[in-house]
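So you can see what is in the structure, the chains are spelled out below.
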Number of protein chains: 2
Amino acid sequence: MKINGNFDKLVPNYLFADVARKTNEFIAANPDKKVIRLGIGDVTLPLAPVVVDAMQRGCEDLRDQKTFKGYPEYEGYDFVRNKISDYYQSFGVKIDADEIFISDGAKSDCGNIGDIFSQDNTVLIPDPVYPVYVDANIMAGRNIIYAPAGEDDNFLPMPDKNVKADIIYLCSPNNPTGAAYNFGQLKEWVEYALENDAVILYDAAYEAFIRDELPRSIYCIDGARECAIELCSLSKTAGFTGVRCGYTVVPKELVRGGKKLHDMWYRRQATKFNGVSWAVQCAAAAVFTPEGQRQCRKNLDYYHENAMLIAKTLDELGIYYTGGKNSPYIWMKCPFNMSSWEFFDYLLSNAAVVGTPGEGFGSCGKGYFRLTSFNSHEKTAEAAERMKDILEFRLNVNS
Amino acid sequence: MKINGNFDKLVPNYLFADVARKTNEFIAANPDKKVIRLGIGDVTLPLAPVVVDAMQRGCEDLRDQKTFKGYPEYEGYDFVRNKISDYYQSFGVKIDADEIFISDGAKSDCGNIGDIFSQDNTVLIPDPVYPVYVDANIMAGRNIIYAPAGEDDNFLPMPDKNVKADIIYLCSPNNPTGAAYNFGQLKEWVEYALENDAVILYDAAYEAFIRDELPRSIYCIDGARECAIELCSLSKTAGFTGVRCGYTVVPKELVRGGKKLHDMWYRRQATKFNGVSWAVQCAAAAVFTPEGQRQCRKNLDYYHENAMLIAKTLDELGIYYTGGKNSPYIWMKCPFNMSSWEFFDYLLSNAAVVGTPGEGFGSCGKGYFRLTSFNSHEKTAEAAERMKDILEFRLNVNS
């Protein structure tokens, strides 16, 4: 019996464990200080009431034999897929309902989609980025190359014609940088993928945070239906991190090696997945009703106000950052040329504010720091004030 | 870009589609006949009321910021894992809570567990069996060999010392045959696995149907903690086919290639899975309360009565079968040396009863037929009567 030796190549990521440990140590040593967490990567506002109502009605269906639901469709119920198709239509993108696969979340799909591709592919992954793209492909034994991002490109890496990639992960708006591609930039990626016979795996988990005139979907770009799979999630859109529901779009035009990837993904899901909970699908459908959208939008607006508050503070301090306006994340340059962890310690000990060191998201994250908008208005405002207090003077002195 | 070429080796399985098509054709041609379906592979009774109550309370938690739940633990909440640990204890098996991984169902785990093993392993799969073991391993490009079962071993294939397998799938009580291993038989499999450095993937999805003195878990057998992973599900135990929750046990003693498979599976799930819905986990915990067990037992008893009714009829007709007593499935030999599909047609046209041709579960299923206990008492009794009517006379003539 041979185990999967690729697991040996996985690098343990202690980022969040280390953040928690250092924070707890600080709290133990400073019981009087009120620590404010701007490192939260999870939603904090409750679900929209119409969504809870729908989920509870879904539960109630299971109480009675006449309305009981057994095995769901592997690809999701049509009433949910139709609503998501309409949602795409609402921002001008035509996706047929039967191109949409409902799942227990974009993270599962991000990793499992690899099943339809050969191990023998080169995977291009932006740096910094959500770490699971890397780990899932290390496990699969694929060759991984990076698209380094930095201040030159405002953390939006562009294709390099000298690099040959087969599978490309893009995340826009990005986690952790909050940076979002515009139409022209995404068009370059689509052209690169078409020229190189590559497939883009487009993580649109944060599309609902977009407020500027930016693409909400890779399918806003001509040609994307021939080269891209889109992964999306209700986790941040509708606060579903604890409910677990996402969706993946595989257009029927997407053919590689003579096979429709749509059919391959269906076969993968039919073999290694058994669909999403009835009550969860009822909840998901409620998200895409007009009232569901209105209620979810209220939560997004709340997070947005927090993001703008942090952004304003950084503007005032003259600190470089990306994100905020179209994302729950703000990615700031650590001041005074501090490293990510130096700034983490500085911010914690001087302002009792917790954030996330950027190097946890890739080596290009060194010297950067992620703040999130998922705390309350009050605490976010208080944290912003404290940051201003400790940074303003030193920055003025340095400038 | 290269797709996973192993998908080309998958054989399309049209079994249930063909059954549905033929049934619909019969109904269209015979609108007066009342067709009874004994081919149902899904539960039909509603959830236990305490389970629905718990799930609805779980939904309610998400309505309020104070009780809201975000990302769950990858491996499941402790309050669920503790209850499952206690459940194992109730039939004398010691499994620590932190050896239990909660998932969205045993089908997902059955396929995904392959991620921790090398492609370069020989997989031994009983024939006939639940088809997803085969398909998941074809997708992964593994060498598959079969353990053929038949009347000689009462559809309980035993290890062959001349065969070298690395990964062994066992399902007991089996789908589709309903046959269940006894302690001595499972001991032989454990010994084989230990001698061959193999790992048994033990699918215990139907353990709750066991009524005889038979092992409810592979861990009833000494040594299994060093060679077996157990996959279980609430789908049939508690009618969770539409709720989606299962669990997988990876004992800490299970080491291969110097690695704890427990830690590998944790890493796999942490990378490619994000845990199970809060409300679903609340429902799962309710299953394992005393009242939950009592209510779920009522449904199992109902199905059991149906199975015994079919078994009694086959006993009276003198037809060979396995299953029934410890399983919702009855696996019968097709009378008059008919093939599976001949008997399907015969039963449908003469008795308007639908079952499942055995050859859909592997080549050793040829000439056999699966009946299930998931219809109502009334319809099951009526179907049994009809079978008796059409078979009794011919069987008497032939004997």
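All figures in this text were calculated on a predicted structure; none of them were measured in a lab.

Give me the sheet that holds strand 14 (residues 356-357) of chain A: which residues, what numbers.
Residue and element names in this part refer to chain A. The strand order across the open sheet built from four strands is 11-12-15-14, with neighbouring strands paired in antiparallel fashion. Here the strands that pair on one side only, and so sit at the sheet edges, are strand 11 (321-323) and strand 14. Relative to strand 12 (residues 329-333), strand 11 runs antiparallel, the two being bridged by three bridges. Opposite Gly 323, over in strand 12, you have Ile 330 as the bridge partner. Strands strand 11, strand 12 and strand 15 (368-372) of the sheet are contacted by helix 9 (residues 290-317), whose axis makes an angle of about 15 degrees with strand 12.

Tell me about the sheet that holds strand 4 (residues 143-148) of chain B, residues and numbers included.
Residues and elements named next belong to chain B. In space, the seven strands of this open sheet follow the order 2-8-7-6-5-3-4, with mixed pairing throughout. Edge positions in the sheet fall to strand 2 (100-103) and strand 4, since each has one partner strand and no second. Between one strand axis and the next, the sheet turns through 20 degrees on average, direction left out of account. Bridge count for strand 2 against strand 8 (residues 246-249) is four bridges, and the pairing is antiparallel. In the strand pairing of strand 8, Ile 100 is matched with Val 249. In this fold helix 3 (residues 78-90) packs onto strand 2, strand 7 (228-233) and strand 8, with an angle of close to 120 degrees to the strand it touches most, strand 2. Together, strand 2, strand 6 (199-203), strand 7 and strand 8 form the strand contacts of helix 7 (residues 261-272), whose direction differs from that of strand 2 by roughly 25 degrees.

So what about helix 1 (residues 15-29) of chain A? Which residues, and what values?
Residues and elements named next belong to chain A. Between its terminal C-alpha atoms helix 1 stretches 21 Å, which fits the 21 Å expected from 15 residues at 1.5 Å a residue. If you check which residues of helix 1 are buried, you get Leu 15, Val 19, Thr 23 and Phe 26. Projected down its long axis, helix 1 carries its buried residues within an arc of 60 degrees, all on one side. Exposed side chains of helix 1 directed beyond 90 degrees from the buried face belong to Ala 28 and Ala 29. Looking at the packing, one finds that the buried side of helix 1 touches strand 1 (36-37), helix 10 (340-351), strand 13 (353-354) and strand 14.

Can you tell me about the environment of Glu 382 of chain B, naming the residues and giving the values?
As for its position among the elements, Glu 382 of chain B is in helix 11 (residues 377-398). Through-space distance from the C-alpha of Glu 382 of chain B to that of Leu 395 of chain B is 20 Å; in sequence the pair is 13 residues apart.

Account for the pattern of salt bridges, naming residues and giving values.
One pass over the full model with this rule turns up 56 salt bridges over all chains. Among the ionic pairs, Asp 53 of chain A bridges to Arg 63 of chain B, the shortest N-O distance being 2.9 Å. Within this pair, whereas Asp 53 of chain A is found in helix 2 (residues 49-61), its partner Arg 63 of chain B is found in the loop between helix 2 (49-61) and helix 3, the two belonging to separate chains. By relative accessible area, which is 30% here, Asp 53 of chain A ends up partly exposed. Glu 191 of chain B is the salt-bridge partner of Lys 187 of chain B, the closest N and O atoms lying 2.9 Å from each other. Pair noted here: Lys 187 of chain B and Glu 191 of chain B are both in helix 6 (residues 183-195), with a separation of four residues, about one helical turn. Judged by its relative accessible area of 47%, Lys 187 of chain B falls in the partly exposed class. By sharing partners, the salt bridges in this structure join Asp 18, Arg 21 and Glu 25 of chain A into a single network.

Break down the side chain of Thr 313 of chain B for me, with residues and values.
Residues and elements named next belong to chain B. Along the polypeptide, Thr 313 turns up in helix 9 (residues 290-317). What makes Thr 313 buried here is its relative accessible area of 7%. Within the structure, the side chain of Thr 313 is placed 2.9 Å from the backbone oxygen of Leu 309, a separation counted as a polar contact. Beyond its immediate stretch of four places on either side in the chain, Thr 313 contacts Ala 384 and Lys 388.

A description of the relation of the copies chain B and chain A should follow, citing residues and the corresponding values.
After a rotation of 180 degrees and a shift along the axis of 0.0 Å, chain B superposes on chain A with an RMSD of 0.0 Å. Both chain copies can therefore be described as sitting about a two-fold axis. Scanning chain B for the C-alpha nearest the rotation axis identifies Gln 56 of chain B, at a separation of 2.7 Å. Mapped onto chain A, 100% of the interface residues of chain B are again interface residues, and the two copies thus contact each other with one and the same surface.

Before we move on, can you summarise the packing of aromatic side chains with the specific residues and values?
Counting across every chain of the model gives 50 aromatic pairs over all chains. Between Tyr 206 of chain A and Phe 209 of chain A, the aromatic rings sit 6.2 Å apart at their centres with planes inclined by 50 degrees, giving tilted as the arrangement. Just as Tyr 206 of chain A is buried, Phe 209 of chain A falls in that class too. Aromatic pair Trp 331 of chain B and Tyr 368 of chain B: ring centres 5.8 Å apart, planes at 10 degrees, arrangement stacked. Taken as a pair, Trp 331 of chain B in strand 12 (residues 329-333) and Tyr 368 of chain B in strand 15 (residues 368-372) lie far apart in primary sequence, 37 residues in all.

How would you explain the confidence of the model for chain A if you had to name every residue and give the values?
One rule of thumb: low pLDDT means the predicted coordinates there are not for detailed reading. Here chain A averages 97 in pLDDT, while 99% of its residues score no lower than 70. In the predicted complex, the global pTM is 0.97; the interface-specific ipTM is 0.96.

Would you mind going over the environment of Asn 30 of chain A in detail, with residue names and values included?
Inspection of the secondary structure puts Asn 30 of chain A in the loop between helix 1 and strand 1. Here the alpha-carbon distance between Asn 30 of chain A and Ala 352 of chain A, two residues 322 residues apart in the chain, equals 9.4 Å.

I'd like to hear about the nonpolar core, residue by residue, with values.
Core analysis: the biggest nonpolar cluster contains 221 residues, and Ile 200 and Phe 240 of chain A together with Ile 200 and Phe 240 of chain B have the highest contact counts within it. Setting aside residues up to four positions removed in sequence, Phe 240 of chain A forms contacts with Leu 47, Val 51, Leu 234, Ser 235, Cys 245, Val 280, Ala 283, Ala 284 and Val 287 of chain A. Counting 61 residues, the second-largest nonpolar core is a separate cluster that includes Met 1, Phe 7, Val 132 and Leu 261 of chain B.

Cut-offs and rules
- Residues numbered from 1 in each chain as written.
- Chains lettered and ligands numbered in written order.
- Predicted model: local features only at pLDDT ≥ 70, side-chain atom pairs only at ≥ 80, totals over all residues.
- Heavy atoms only, no water.
- Pairing = 2+ DSSP bridges.
- Helix = DSSP H or I, 4+ residues; strand = E, 2+ residues; numbered from the N terminus.
- Contact = heavy atoms within 4.5 Å.
- Axes fitted to C-alpha atoms, helices over the stretch in contact; angles between N-to-C directions.
- Expected span 1.5 Å × (residues − 1).
- Buried < 20%, exposed > 50% of the residue type's maximum accessible area, 1.4 Å probe, protein only.
- Arc of directions from axis to C-beta.
- Salt bridge = Lys/Arg side-chain N within 4 Å of Asp/Glu carboxyl O.
- Polar contact = N/O pair within 3.5 Å; in protein donor to acceptor, adjacent residues only side chain to side chain.
- Least-squares fit on C-alpha atoms with pLDDT ≥ 70 in both.
- Phe/Tyr/Trp six-rings, centres within 6.5 Å; stacked < 30°, edge-to-face > 60°.
- pLDDT = per-residue confidence, 0-100.
- Core = buried A, V, L, I, M, F, W, Y, C linked by side-chain atoms within 4.5 Å.

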